[in-house]
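As a plain string of letters, each chain reads:
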Amino acid sequence: MSMMKTCLPTFLLLAAVAVAAPTKARQLPQLHTKGNMILDDQGHNVRLCGVNTACMEWSADGEGHILNTLQVAIHDWHTNFIRVPLSQDRWFGQTPEQHDKGASYQALVQKVVDYCASNDCYVLLDLHWNDCNVWGANIGQHIMPDMNSITFWRDCARVYRNNPAVLFDLYNEPHNTTWDIWLNGGEITETRGDGARQGRFTPVKYRTPGMQAMLDAVRSTGAENVVVCGGLDWAYDLSGFLKGYALKDPLGNGVIYACHAYNNKGETIDKWLSHLDAALPHIPVVMSEFGGQGRGANANKPDPWVDRVIKEIDKRKCNYAAWDLHPAAAPCLISDWKYTPTPSFGVLVKASLARR
């Protein structure tokens, strides 16, 4: 692993100064993991159920909707858990539309956290997009995090360390690599089809620190917050965590392992459930993305795949965050900015949340 320089670039120093210290919000119970359980500070089981709110990975201002979306998610959809995708470049103001070193973006993230915390809702800050070690370039979803992702987590975790409302999702959907590189880092070569990014695609090589180093970066700030971490195959594969690739976390409140389930994996629901049921007795799991959407003649009736998956999730009392409470981030829970639930997906998730 290449060593990080001890001196941060000027834009990082300015960004660190620009962000305000977190304001004190209502205190949700601090979470921790024990065995396969998520517990509060009194030792009670906690079930996290909610939605994703995509947009801050591709938009520095949350498209003007993000705070309204939180309000709807919490008060109309009755979530107690919201996953917020972020961009490490936007955090530091490294995109063309930003001219303030990330100050307004970080301030908006602060508003997101404060709103969730003051309304008894846990918030999962998710590093969704990175840049292959080149600030301001290659911005999007990649195979693995890069060394700049370490810099992001050292800064973001410092801001929200030990805020009981905040969990950290180390990286969205690793894929197309080995479990050894996933855990310990190594060299990554990306070709067309490896992820999705803004702007023009060019093949790229970069070094990933691996997920253990990502967790260690969070813990180096003194942040004990629960961390979420997805495995391979776009965070669908839980098998490695049962075969020696679970993260070591002696300094924190534990790790929840992510599973992202969609109806494009080429497996039956029963086959997916066999993988899930093999993991659930041993590790805490969150379905931090799942979804499906009827199209054409099927768009106006419940999707059978979604219906069955939600029933199985609820039967097992699994933690989840459905993707996504945005009318253009498919599969979509809503069809417009009036937050109308989609008949094939959103209606089913909203009903599940009402039952929790």
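Each remark here, short or long, concerns the structure printed above.
Here, residues in each chain are numbered from 1, in the same order as that chain's written sequence. The predicted origin of the model limits local features to residues at a pLDDT of at least 70 and limits the giving and counting of side-chain atom pairs to 80 or more, whereas totals for whole chains, interfaces and linings rest on all residues. Excluding hydrogens and water, the side-chain figures rest on all heavy atoms present in the structure.

A. Representation of the overall build of the protein chain within the structure. Regarding its fold elements, the protein chain presents 11 helices and 14 strands. With C-alpha atoms as the basis for the radius of gyration, the globule rule is written as 2.2 Å multiplied by the number of residues raised to the power 0.38. In terms of C-alpha radius of gyration, the protein chain reaches 19 Å, essentially the compact-globule figure of 21 Å for 356 residues. Counting only C-alpha atoms and orienting by the principal axes, one finds that the protein chain spans roughly 55 × 50 × 40 Å. Remark: exposure states derive from per-residue accessible area (1.4 Å probe, protein chains only) relative to the maximum for the residue type, with buried under 20%, exposed over 50%, and partly exposed in between. Burial statistics for the protein chain: of 356 residues in total, 58% are counted as buried. Considering only residue pairs separated by 6 or more positions, the protein chain has 76% of its internal contacts joining residues 24 or more positions apart. Note that His is not counted, nor are the chain ends; the positive residues are Lys and Arg, and the negative ones are Asp and Glu. Throughout, a charge is located at the NZ atom of Lys, the CZ atom of Arg, the CG atom of Asp or the CD atom of Glu. The average position of the 33 basic charges and that of the 36 acidic charges among the side chains of the protein chain differ by 1 Å. Secondary structure counts use DSSP, requiring at least four H or I residues in a row for a helix and at least two E residues in a row for a strand, with both numbered from the N terminus. Note on contacts: a residue pair qualifies if any of its non-hydrogen atoms lie within 4.5 Å across the two residues.

B. Up close: the packing of aromatic side chains. Between 30 and 60 degrees the pair is tilted, below 30 it is stacked and above 60 it is edge-to-face, where a pair is any two Phe, Tyr or Trp rings, Trp via its six-membered ring, whose centres lie within 6.5 Å. Applying the stated rule across the entire model yields 12 aromatic pairs. Each ring, one from Phe290 and one from Phe345, has its centre 6.2 Å from the other, and the planes form 70°; the classification is edge-to-face. Of this pair, Phe290 sits in strand S13 (residues 285–291) while Phe345 sits in the loop between strand S14 (319–322) and helix H11 (346–355), and the two are 55 residues apart along the sequence. Given the relative accessible area of 1%, Phe290 is considered buried.

C. Focus on the pattern of salt bridges. Salt bridges are defined by distance alone: a side-chain nitrogen of Lys or Arg within 4 Å of a carboxyl oxygen of Asp or Glu. Applying the stated criterion across every chain yields a total of 17 salt bridges. The salt bridge involving Arg83 is made with Glu289; its shortest N-O contact spans 2.8 Å. Remark: Glu289 occurs in strand S13 and Arg83 occurs in strand S4 (residues 81–87); sequence separation between them is 206 residues. On the basis of relative accessibility, which here comes to 0%, the residue Arg83 falls in the buried class. Take Glu289: its relative accessible area is 4%, and that puts it in the buried class. Shared partners join several salt bridges into a network, and the residues in it are Asp270, Asp277, Arg308, Glu312, Lys315 and Arg316.

D. Quick look at the packing of helix H5 (residues 147–160) against helix H7 (residues 211–219). Every axis in this analysis is a line fitted to C-alpha atoms, fitted for helices over the stretch in contact. Angles between the N-to-C directions lie between 0 and 180 degrees. Between H5 and H7, whose axes approach to 8 Å, the crossing angle comes to 30°. As far as their axial angle goes, H7 and H5 are roughly parallel. As for the relative orientation of H5 and H7, their crossing is right-handed in sense. In this structure, H5 contributes Ser149, Ile150, Trp153, Arg154 and Ala157 to the contact, and H7 contributes Ala213, Met214, Ala217 and Val218. As a working rule, the residues Ala, Val, Leu, Ile, Met, Phe, Trp, Tyr, Cys and Pro are called nonpolar, Asp, Glu, Lys and Arg charged, and the rest polar, with Gly in that last group. For the contact of H5 with H7, the per-class residue count stands at 7 nonpolar, 1 polar and 1 charged. The labels follow the angle: roughly parallel below 35 degrees, roughly antiparallel above 145, roughly perpendicular from 65 to 115, and oblique for the rest. Throughout, a crossing is termed right-handed when the near helix is turned clockwise from the far one, and left-handed when it is turned anticlockwise from it by less than a right angle.

E. Broad picture of the packing of helix H10 (residues 304–316) against H11. Where H10 meets H11, the axes come as close as 10 Å, and the angle between the chain directions of the two elements is 15°. By the angle between their directions, the pair H10 and H11 is classed as roughly parallel. When you trace H10 past H11, the crossing you get is right-handed. Together, Val306, Asp307, Ile310 and Asp314 of H10 and Leu348, Val349, Ser352 and Arg355 of H11 make up the contact between the two elements. When grouped by side-chain class, the residues that make up the contact of H10 with H11 number 4 nonpolar, 1 polar and 3 charged.

F. Just the state of the cysteines, in detail. By convention in this document, the label disulfide applies to cysteine sulfur atom pairs within 2.5 Å. Under the counting rule described, the total for this entry stands at 0 disulfides. Distance from the sulfur of Cys116, which forms no disulfide, to the nearest cysteine sulfur (Cys121) is 4.6 Å. With relative accessibility at 0%, the residue Cys116 sits in the buried group. Lacking any disulfide linkage, Cys156 is separated from the closest cysteine sulfur, that of Cys116, by 14 Å.

G. The pairing of S14, seen in detail. Side chains Asn319 and Ala321 of S14 all project onto a buried face; the interleaved residues Tyr320 and Ala322 project onto the opposite face, where all are buried too. Two strands qualify as a pair provided DSSP detects at least 2 bridges between them. Summarising the sheet, strand S3 (residues 49–52) and S14 pair through 3 bridges and their orientation is parallel. Looking at S14, one finds that Gly50 is bridged to Ala321. Two elements, S13 and S14, share 2 bridges in a ladder whose sense is parallel. Following the sheet pairing, Met287 is matched in S14 by Tyr320. Crossover connection from S13 via H10 to parallel S14: handedness right-handed. With strands facing away from the observer, any crossover in which the path from the first strand over the helix to the second runs clockwise is taken as right-handed.

H. Layout of H7. Most of H7 sits out of view: 8 of its 9 residues are buried. For H7, the complete set of buried residues consists of Met211, Gln212, Ala213, Met214, Leu215, Ala217, Val218 and Arg219. If you follow the buried residues of H7, they end up packed against strand S5 (122–129), H5, strand S7 (166–169), helix H6 (179–184), strand S11 (227–230) and strand S12 (255–262).

Treat this as a map of the structure, not an account of what it does.
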